[in-house]
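The chain contents come next:
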Amino acid sequence: MPPELHQKLTQWRRHLHAHPELGLHEKATSAFVQEKLTELGIPFEAGIGGHGVVATLTRGSAQGRVGLRADMDALPITEDTGLPYASTTSGVMHACGHDGHTASLLGAAALLVADTSWSGTVDFIFQPAEEGLGGARAMVGAGLFDRFPMTRVFGFHNWPGLAAGTIAVHDGVVMASGGRVSITIDGHAGHAGMPHLTRDPVMAAGHLIVALQSVVSRSIDPLDTAVLSLCTLEGGTARNQIAGRVTIGGTLRYHRDAVKDVILARIGEVCAGIATTFGVKVTPEIVMGVGVVVNTPAEAGLARLAAERVQTEVRRDLAPSMAGEDFAFFLKQCPGAFAWIGNGELRDGAELHGPRYDFNDAILPVASSWMAEVAKVALKSN
């Protein structure tokens, strides 16, 4: 990558970092992307699945078509980096590196505009609302793959703790599927000094939390992977009253649908048992989120080939993550691969979703070059 392009991408990335927007509200971010695409001379369509933008570049006569995707939204986290380009929006920051992903895809577009060695069509997908707000699903629902009939799609996520610029490409599962868990326990409120006249949902909640920890440890094959974390507990307003209602909130993650089925069944059974034991009403509600991110074999191979051509270290030995990523919705529609690109040393508080996280601008040349190269090798393989 020419040094002047790296410098420009760094400026763009830091501008985005200083002006983060939450999912479903990426109006200014989308406008910034459209402005840069216009400068690059690449036609685009906006307003796809919300604030989504898809730019299309065609060269030569080849019929192949490939998609490259970056997400744009930020998180409701207060930044604590002290950087000169830190977030100027109170309580909102780019704590997951989507500013870097967006800048990298713009960089890939710039590289492909300047490169006359390829033939075909590349769609640059700037996706809104990745952070649990259904951005990928919305773009698919808006006809992404009908309006832009790509036959393969690729994306990446920066990865703190992986050496800067190293590209990891998994065979098969990359990231987990999951769901939001909400459990409501309704009892009978009353005086704390006369508990025999009540049905105590707090006591039931304590036993339920302990019992649910047996779901993964005793109902799931140890060679499978699953997480059931209960993270919030709300109930009661007075120290001398037994509450009438308690709510528990958490998340579940898994890599195989068969594992999900076991977890859901066991949650229902455990909740029913606790309800009977303590004379309370227990209502579990589980809202499923993104699917499992699974690389297709041929496209994983193309992703590794592109990484080798970028002349960076390539890893294929990393375990899948239990984090989620809604790129899974794209991979349900179209073959593709999702890579991790190392963000460098993992520092305390600077992990993904941490208040001291920052995308490493030094990896912009690798990220942009890999995205451009994977488009080229995928088109050539057609």
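Residues numbered from 1 in each chain as written. Predicted model: local features only at pLDDT ≥ 70, side-chain atom pairs only at ≥ 80, totals over all residues. Heavy atoms only, no water.

Per an unreviewed UniProt entry, the protein carries the name Amidohydrolase and comes from Bradyrhizobium barranii.

Engineer: Tell me what's going on with the overall build of the protein, and back it up with residues and numbers.
Structural biologist: When you go through the protein residue by residue, the secondary structure sums to ten helices and 16 strands. Here the C-alpha radius of gyration of the protein, 23 Å, is about what a compact globule of 382 residues would show, namely 21 Å. Oriented by its inertia axes, the alpha-carbon framework of the protein measures out at about 80 × 45 × 40 Å. Out of the 382 residues in the protein, the part that is buried amounts to 52%. For the protein, the exposed surface amounts to about 16,200 Å²; the carbon and sulfur share of it is 53%. Positive and negative side-chain charges of the protein, numbering 30 and 38 respectively, have mean locations separated by a distance of 3 Å. (Helix = DSSP H or I, 4+ residues; strand = E, 2+ residues; numbered from the N terminus. Rg over C-alpha atoms; globule rule 2.2 N^0.38 Å. Buried < 20%, exposed > 50% of the residue type's maximum accessible area, 1.4 Å probe, protein only. Areas by Shrake-Rupley, 256 points an atom, 1.4 Å probe, with all protein chains shown as cover. Lys, Arg positive; Asp, Glu negative; His and termini not counted. Charge placed at Lys NZ, Arg CZ, Asp CG, Glu CD.)

Engineer: Go over the environment of T237, please, and point to the residues and values.
Structural biologist: In this structure, T237 sits in the loop between β9 (226-235) and β10 (241-242). A relative accessible area of 78% means that T237 is categorised as exposed. C-alpha of T237 to C-alpha of A74: the two residues are 163 residues apart in sequence and 34 Å apart in space.

Engineer: Explain the packing of aromatic side chains to me, and be specific about the residues and the numbers.
Structural biologist: Overall, the coordinates contain five aromatic pairs when judged by the stated rule. Ring centres of W12 and F32 lie 6.5 Å apart, and the angle between their planes is 85°; on these two criteria the pair is classed as edge-to-face. Here W12 is found in helix α1 (residues 3-18), whereas its partner F32 is found in helix α2 (residues 27-40), with 20 residues between them in sequence. Per residue, the accessibility class of W12 equals that of F32, and both read buried. An angle of 80° between the planes, with centres 5.7 Å apart, marks the rings of F145 and F330 as edge-to-face. (Phe/Tyr/Trp six-rings, centres within 6.5 Å; stacked < 30°, edge-to-face > 60°.)

Engineer: Go over helix α7 (residues 257-278) with me, naming the residues and quoting the values.
Structural biologist: Compared with an ideal rise of 1.5 Å per residue, which puts 22 residues at 32 Å, α7 spans 32 Å between its outermost C-alpha atoms and is within 8% of the ideal. Of the residues making up α7, those classed as buried are V259, K260, I263, I267, V270, C271, I274, A275 and F278. The arc that holds the buried residues of α7, viewed along the axis, is 135°, so those residues lie on one side. Its buried side turned inward, α7 meets β7 (173-186), α6 (201-219), β9, β11 (245-254) and β12 (281-288). Of the residues flanking the end of α7, it is G279, one or two places downstream, whose phi is positive at about 65°. (Expected span 1.5 Å × (residues − 1). Arc of directions from axis to C-beta. Contact = heavy atoms within 4.5 Å.)

Engineer: How would you sum up the nonpolar core? Please name residues and give values.
Structural biologist: If you look at the biggest cluster of nonpolar residues, it comprises 53 residues, and the most contacted ones within it are L68, F124, F126, F154 and W370. In contact with W370, other than residues within four places in its own chain, are F154, G155, F156, I167, A303, A306, A307, V310, A339 and I341. V215, Y254, F278 and V282 belong to the second-largest nonpolar core, a separate cluster that totals 26 residues. (Core = buried A, V, L, I, M, F, W, Y, C linked by side-chain atoms within 4.5 Å.)

Engineer: If you had to explain α6 to someone new, which residues and values would you point to?
Structural biologist: In this model, α6 (19 residues) spans 25 Å end to end at C-alpha, consistent with the 27 Å of a helix rising 1.5 Å per residue. Those residues of α6 lying buried are P201, A204, A205, L208, L212 and V215. The arc that holds the buried residues of α6, viewed along the axis, is 95°, so those residues lie on one side. What points out from α6, more than 90 degrees from its buried face, is the exposed set V210 and R218. The elements touched by buried residues of α6 are β7, β9, β10, β11, α7 and β12.

Engineer: Hey, could you go over the environment of P20 for me, with residue numbers and the actual values?
Structural biologist: Tracing the backbone shows P20 in the loop between α1 and α2. If we skip the residues at most four places from it in the chain, P20 touches A74, S87, T89, V92, M93 and H94.

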